[in-house]
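# Report on the structure
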Amino acid sequence: VWAETCDYVTIERCYVNNYTYGGFMAVNTCNHFYVLHCKILEVNNTYYPNTYPISLSAYDYDEGSWARGVDLKAIGNYIKNTIPFWEGIDAHGGEYVVISENTIVGCRDGIAVFEDERGFTVRNVIVSNNHIIGSQETESSHNTSISAGILVRGYDIIVKGNRK
C-alpha cells in the first residue's frame, strides 16, 4: 500500500507476503496514518533501497519536497524478513508517532525513528512494548552495518518496555 498526501488512512488486519518494494508506505504528508495488527512477510528485494515493511513518514525524492506527517501509528504488527537489509518500521520525520506492541523478526534494524542530515525531524514519539528478534550484521549493495534493535534521533522520544 502506497499512501501519498493522505489524511485519515487506517490499514488494519492486512497480510502482505513476498513483496518487492514496501509493505505499507506513507509518503509526502500523510496525517493520521495507522497500520494496525497486520502481517508483513518476506521481502524478496536484494537491490532497491528503502524496502521497508512499514514506513510511517517518507520523503519523495522525485518531488523534491518534504512535509512531515502528524499522528502516525504502527501498533500490533508482525514483520518477518529473510532478506534483512532494511528497518522493520521506519519513520524519517513525523510528529506524534506511536510504534507499539509490534514483533519484528530478521530485519537489519528493528525500528528506526530519526531525523536525518537534511533536517527532517521527528518529535513526540513513543516506542514501546515491541519485541525485536534476530537483528544481525548484514551486507547489501547499499550498505554494510551492524544492526540495532531500535535507532532514535529526534526530540521528545520515549523508549520503554521493548525487548530484543
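Residues numbered from 1 in each chain as written. Predicted model: local features only at pLDDT ≥ 70, side-chain atom pairs only at ≥ 80, totals over all residues. Heavy atoms only, no water.

With that out of the way, let us pick up the pattern of salt bridges. Overall, the coordinates contain 4 salt bridges when judged by the stated rule. Among the salt bridges present, the one from E87 reaches R108, with a minimum N-O distance of 2.7 Å. Pair noted here: E87 is in the loop between β9 (78–80) and β10 (89–91) and R108 is in the loop between β12 (103–105) and β13 (111–114), with a separation of 21 residues, a long-range link. Exposure class is identical for E87 and R108. Each is buried. Of the charged contacts, one joins R108 and D109 as a salt bridge, the two residues approaching to 2.9 Å between their closest N and O atoms. No difference in accessibility class separates R108 from D109, as the two residues are buried. A single network of salt bridges, built from pairs that share partners, joins E87, R108 and D109. (Salt bridge = Lys/Arg side-chain N within 4 Å of Asp/Glu carboxyl O. Helix = DSSP H or I, 4+ residues; strand = E, 2+ residues; numbered from the N terminus. Buried < 20%, exposed > 50% of the residue type's maximum accessible area, 1.4 Å probe, protein only.)

A sheet is described by the order of its strands in space; here 6 strands give the open sequence β2-β5-β8-β11-β14-β19, paired in parallel fashion. The open sheet terminates on both sides in strands that have one partner only, identified here as β2 (7–12) and β19 (155–160). The mean inter-strand angle of the sheet, taken between neighbouring strand axes irrespective of direction, is 5 degrees. The sheet contact formed by strand β8 (residues 70–75) and strand β11 (residues 94–100) spans 5 bridges and is parallel. Within the sheet, the bridge partner assigned to K73 lies in β11 and is V98. (Pairing = 2+ DSSP bridges. Axes fitted to C-alpha atoms, helices over the stretch in contact; angles between N-to-C directions.)

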